[in-house]
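# Observations on chain architecture
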Amino acid sequence: MADSLIIKNLNASIGDRQILKNFSLTIPKGEVHAIMGPNGTGKSTLAKVLAGHPDYTVQSGEATLDGQPILGQEPDSIARAGLFLAFQYPSEIPGVTIANFIRAALIARQEKGAPFDAKAYYAELYAKMDALKMDRKFTSRFVNEGFSGGEKKRCEILQMMMLKPKYAVLDETDSGLDIDALRIVSEGVNHMRGPSIGCLVITHYQRLLEYIVPDRVHIMYDGHIVHSGGKELAVELEAKGYDWVKKELASA
Amino acid sequence: MSENDESQAQREAIEVDRTKGDFKYAEDYAFDAGVGLNPQVIDYISKVKGEDPWILEFRQKALKIFSDMPMPTHWATQDLDAINFDAIRYYLAKGQKPVRTWEEVPDDVKETFERLGIPESERKFLAGVEAQFDSEAVYSRMKDELEKQGVIFCGPTEGLRDHPDIFRKWFGKVIPAGDNKFAALNSAVFSGGSFIYVPKGVKVAQPLQAYFRINAENFGQFERTLIIADEGSEVTYMEGCTAPKFETATLHSAVVELVALKGAKIQYITVQNWSANVFNLVTKRGVAEEDAEVRWIDCNIGSRLTMKYPGVVLRGKRARGEVLSIALANDGQHQDTGAKMIHAADETSSNIIAKSISVGAGRSTYRGLVHMPKTLKNCKNNTECDALLINEHSRTDTYPAISVRGQKNSVQHEASVSKVSAEQIFYMMQRGLSEGEAMSLAVNGFVNDLVKEFPMEYSVELKRLIELQMEGSVG
Ligand SMILES: Nc1ncnc2c1ncn2[C@@H]1O[C@H](COP(=O)(O)OP(=O)(O)O)[C@@H](O)[C@H]1O
Ligand SMILES: [Mg+2]
């Protein structure tokens, strides 16, 4: 199982609030898993803890990326090791164009002082933007500044496609998207799907999973996974609602 | 590739490395005025230079003004009191006459400038270069065709001796010795700097560059620059400054006077990267006559304390003045910078854009002065001050004094303070950038629109200096 993102018995808190409680999950490379769960259950927390966000404290547990431990590492090392997080709320970076930002991220992955092939870079960037139906003018806009919700999410997927991570965590990438944008973004993700990437799609709604069909679906509640199944679990959850999860838990 | 990307690629091809300033060579000087300041030191400097009596008199008068004037600590920082004028060496030189080929420059000095990339940039994009090492220029050369057109590019000693008819008229007139305590100090002990004259109608296409290097510890560098652009002429002058890291305080106190006659344009660009023990106290002012333009581009990085407020006196109708400045204050540094616009004729316009970045315990202060008397009409000023704070210890203050009278003039003023948030840094680091890279990207984004106005070579250099500072500031 070296070729997996493995999370084992993870306990993490922010301030004095325990959020992740004995959380375990394994995502083999090549698979797409979905996590569904009510608001406030700790889905974004999981994403940020994996990415090394400094505000969270990890009490115990482990997380390995293809066998390499990532907890306690700096966010940039984790990113360069191959973890990508598509943010639920991406930050704005005034004055920095998308083209320069992605370029800086790619250069950070190169050996120091190595030459950068600008021509090949722009050719690839433009091709990926075409695939995401993003206007060329986007390259010279500042990262997320004045973007609509949909534009922000598309920009996250563009970065993912350019940085080619080993594992990607997509946090509520469907929120704020209309149907057309949802389809385009999903196509982008599906395009990347393959044996060399593992994906964790976090969502509140089943809708996204009609476009990005997952291999496994997990239901998260109160800081850990309470139920796992195939793609039909998402449909069942949508039909029965989150109350069903709560009741089932109460009776268990 | 789009046009933007190509120019970016091109920029990378001609990167100039003046970021590596922290090295020094042994001190062996043929000329040394000793430690401390008194009338004998002034006599020594003047004698070594073989100056006319009127210059010695000018110097001695200035020394008197300097001694009588109090420190401006009632409005400026108390840190000025840390300067011990008795512990400073006021004149150190290896020779008196700059040579005209790099081969003739003494090896250690040549190596200094080679490490800073000067001879290389001269070959690539400059019309002329002057390299000053402590008190005197060691190298000075300008392209032959400019000489044929009558352009003069020399130091103050040669300027006042060989072309008194041109330079004496304006020397000490834009900034009199009594302007402030440090202008007086410079007037007393000035040495090195550039005297430039551009004849009527001559447009110097490539920049002239001066490079000021402090090598000695406990030393004061006091260069003096006077640029006169005759009617309808144009010139761009760039200065770069560095010093090694010293244990004790070192002083840099220059005076720069610009004169743009009718319809002339002067652009003066500074990129300084002083080490953290340098007190950088510089007076810069230009006069713009009818339809003339004076533009200061001023980038202040490093130093313990910088006090500098470039100004333009808009003396002729339709004259234009501009100050574009960037100041970066890192831990233990204070950038006290700003701009002065004195409107003295109708239809004059001025523009000030000042951006400051405070990192760690760094501190930035903006001081502005815009003066428009009510007797004037159709004058315009635009002032924009933006501050960026990186972490909560840093501090920024803005003092925009705008004295505008009269109904027929217009003034616009905008100020903003923004912060680089921890979330922004995390976002960038999640993409693989180190903390230092993330911070310099944020800073470069902040100054981006202003840097676009700079000549290409300088924007590249500035970007690298910012990166260096940010890397250094990550604990
Ligand atoms: N800075 C914080 N301080 C205290 N509690 C927080 C903080 N950030 C988030 N939380 C709490 O942590 C819980 C989990 O949040 P989150 O991971 O964002 O949930 P989800 O993404 O599943 O909606 C929520 O109850 C939220 O209120
Ligand atoms: Mg969330």
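Keep in mind that what you see is a predicted model, and the values were worked out from it rather than measured.

Helices and strands together make up the secondary structure of chain A, namely 9 helices and 10 strands. Here the C-alpha atoms of chain A give a radius of gyration of 18 Å, agreeing with the 18 Å that 2.2 N^0.38 yields for 252 residues. Dimensions of chain A, computed from C-alpha atoms along their principal axes, come out at roughly 60 × 40 × 35 Å. Taking all 252 residues of chain A together, 53% fall into the buried category.

Here we take up the coordination of the magnesium ion (ligand 2). By definition of the ideal shapes, a tetrahedral metal site with four donors has angles of 109.5 degrees and an octahedral site with six donors has angles of 90 or 180 degrees. Residues and elements named next belong to chain A. Around the magnesium ion (ligand 2), the donor atoms from the protein are Ser44 (OG) and Gln88 (OE1), and they sit 2.1 to 2.3 Å away. Of the two residues, serine 44 is situated in helix 1 (residues 43-51) and glutamine 88 in the loop between strand 6 (83-86) and helix 3 (98-109); the sequence distance between them amounts to 44 residues. Residue classification places glutamine 88 among the buried positions, given a relative accessible area of 17%.

Bringing the packing of aromatic side chains into the picture now. Residues and elements named next belong to chain B. If you walk through the whole model with that rule in mind, you get 23 aromatic pairs over all chains. Centroid distance tyrosine 90 to phenylalanine 222: 5.6 Å. Interplanar angle 10°. Geometry classified as stacked. Of this pair, tyrosine 90 sits in the loop between helix 3 (53-68) and strand 2 (92-93) while phenylalanine 222 sits in the loop between strand 8 (220-221) and strand 9 (224-229), placing them 132 residues apart in sequence. Like tyrosine 90, the residue phenylalanine 222 is buried in the burial classification. Three or more aromatic residues joined by ring pairs make a cluster, and in this case those are Trp54, Phe58, Phe167, Phe171, Phe190 and Phe195. The ring centre of phenylalanine 190 lies 3.9 Å from the NZ or CZ of arginine 59, which sits over that ring. When the ring centre of phenylalanine 66 is taken as origin, the NZ or CZ atom of lysine 181, which lies over that ring, is 4.2 Å away.

The next point concerns the pairing of strand 4 (residues 136-142) of chain B. Side-chain positions along a regular strand alternate between the two faces of the sheet. All names here are of chain B. Across the 7 residues that make up strand 4, a large majority, 6, are buried. Examined bridge by bridge, strand 3 (residues 128-133) and strand 4 share 6 bridges and lie antiparallel to one another. Paired with valine 129 across the bridge in strand 4 is arginine 141.

Another aspect to go through is the sheet that holds strand 1 (residues 4-14) of chain A. All names here are of chain A. The antiparallel open sheet is built from 4 strands, whose spatial order is 2-1-4-5. For this open sheet the edge positions go to strand 2 (17-28) and strand 5 (68-69), each flanked by a neighbour on one side alone. Pairing geometry for strand 4 (residues 56-65) and strand 5, over 2 bridges, is antiparallel. Its bridge partner being in strand 5, threonine 64 is matched across the sheet by proline 69.

Adjacent strands of a sheet form backbone hydrogen bonds with each other and so pair up, either parallel or antiparallel. Residue and element names in this part refer to chain A. Taken in spatial order, the 6 strands make up an open sheet running 6-7-8-3-9-10, and their pairing is mixed. Edge positions in the sheet fall to strand 6 and strand 10 (224-229), since each has one partner strand and no second. Put simply, the sheet's adjacent strands are angled 20° from each other on average, direction ignored. Pairing of strand 7 (residues 167-171) with strand 8 (residues 198-203) involves 5 bridges; the strand directions are parallel. The residue of strand 8 that forms the bridge with alanine 168 is cysteine 199.

Moving on, we get to the domain arrangement of chain B. Residues and elements named next belong to chain B. When the domains of chain B are assigned, the result is domain 1 (21-308) and domain 2 (421-475). When each unit is reduced to the centre of its C-alpha atoms, the spacing between domain 1 and domain 2 is 30 Å. The partner domain 2 presents 10 residues to the 13 residues of domain 1 that form the contact. Both sides together, the interface formed by domain 1 and domain 2 hides about 1,000 Å², and carbon and sulfur atoms give 75% of it. The tally of links from domain 1 across to domain 2 stands at 1 salt bridge. Here arginine 295 and glutamate 453 are joined by a salt bridge, their closest N and O atoms 2.9 Å apart. For the pair domain 1 and domain 2, the interface holds 1 residue pair in polar contact (both at pLDDT 80 or more). Taken together, the residues of the side of domain 1 that touches domain 2 break down into 7 nonpolar, 4 polar and 2 charged.

Residues and elements named next belong to chain A. Contacts to ligand 1 come from Ile14, Arg17, Ile19, Pro38, Asn39, Gly40, Thr41, Gly42, Lys43, Ser44 and Thr45. In this structure, an oxygen atom belonging to ligand 1 sits 3.0 Å away from a main-chain N or O atom of glycine 42. Serine 44 is positioned such that a nitrogen or oxygen atom in its backbone is 2.9 Å from an oxygen atom of ligand 1. Considering ligand 1 on its own, with 570 Å² of exposed area, one finds that the protein chains cover 63% of that surface. If you list the elements that add at least two residues to the shell around ligand 1, you get strand 2 and helix 1.

About the cut-offs
- Residues numbered from 1 in each chain as written.
- Chains lettered and ligands numbered in written order.
- Predicted model: local features only at pLDDT ≥ 70, side-chain atom pairs only at ≥ 80, totals over all residues.
- Heavy atoms only, no water.
- Helix = DSSP H or I, 4+ residues; strand = E, 2+ residues; numbered from the N terminus.
- Rg over C-alpha atoms; globule rule 2.2 N^0.38 Å.
- Buried < 20%, exposed > 50% of the residue type's maximum accessible area, 1.4 Å probe, protein only.
- Donors = N, O, S within 2.8 Å, 3.2 Å for Na, K, Ca; no water.
- Phe/Tyr/Trp six-rings, centres within 6.5 Å; stacked < 30°, edge-to-face > 60°.
- Lys NZ or Arg CZ within 6 Å of the ring centre and 35° of its normal.
- Pairing = 2+ DSSP bridges.
- Axes fitted to C-alpha atoms, helices over the stretch in contact; angles between N-to-C directions.
- Domains from an automatic or database assignment.
- Contact = heavy atoms within 4.5 Å.
- Buried area = accessible area lost by both parts, 1.4 Å probe.
- Salt bridge = Lys/Arg side-chain N within 4 Å of Asp/Glu carboxyl O.
- Polar contact = N/O pair within 3.5 Å; in protein donor to acceptor, adjacent residues only side chain to side chain.
- Nonpolar A, V, L, I, M, F, W, Y, C, P; charged D, E, K, R; others polar.
- Near = heavy atom within 4 Å.
- Areas by Shrake-Rupley, 256 points an atom, 1.4 Å probe, with all protein chains shown as cover.

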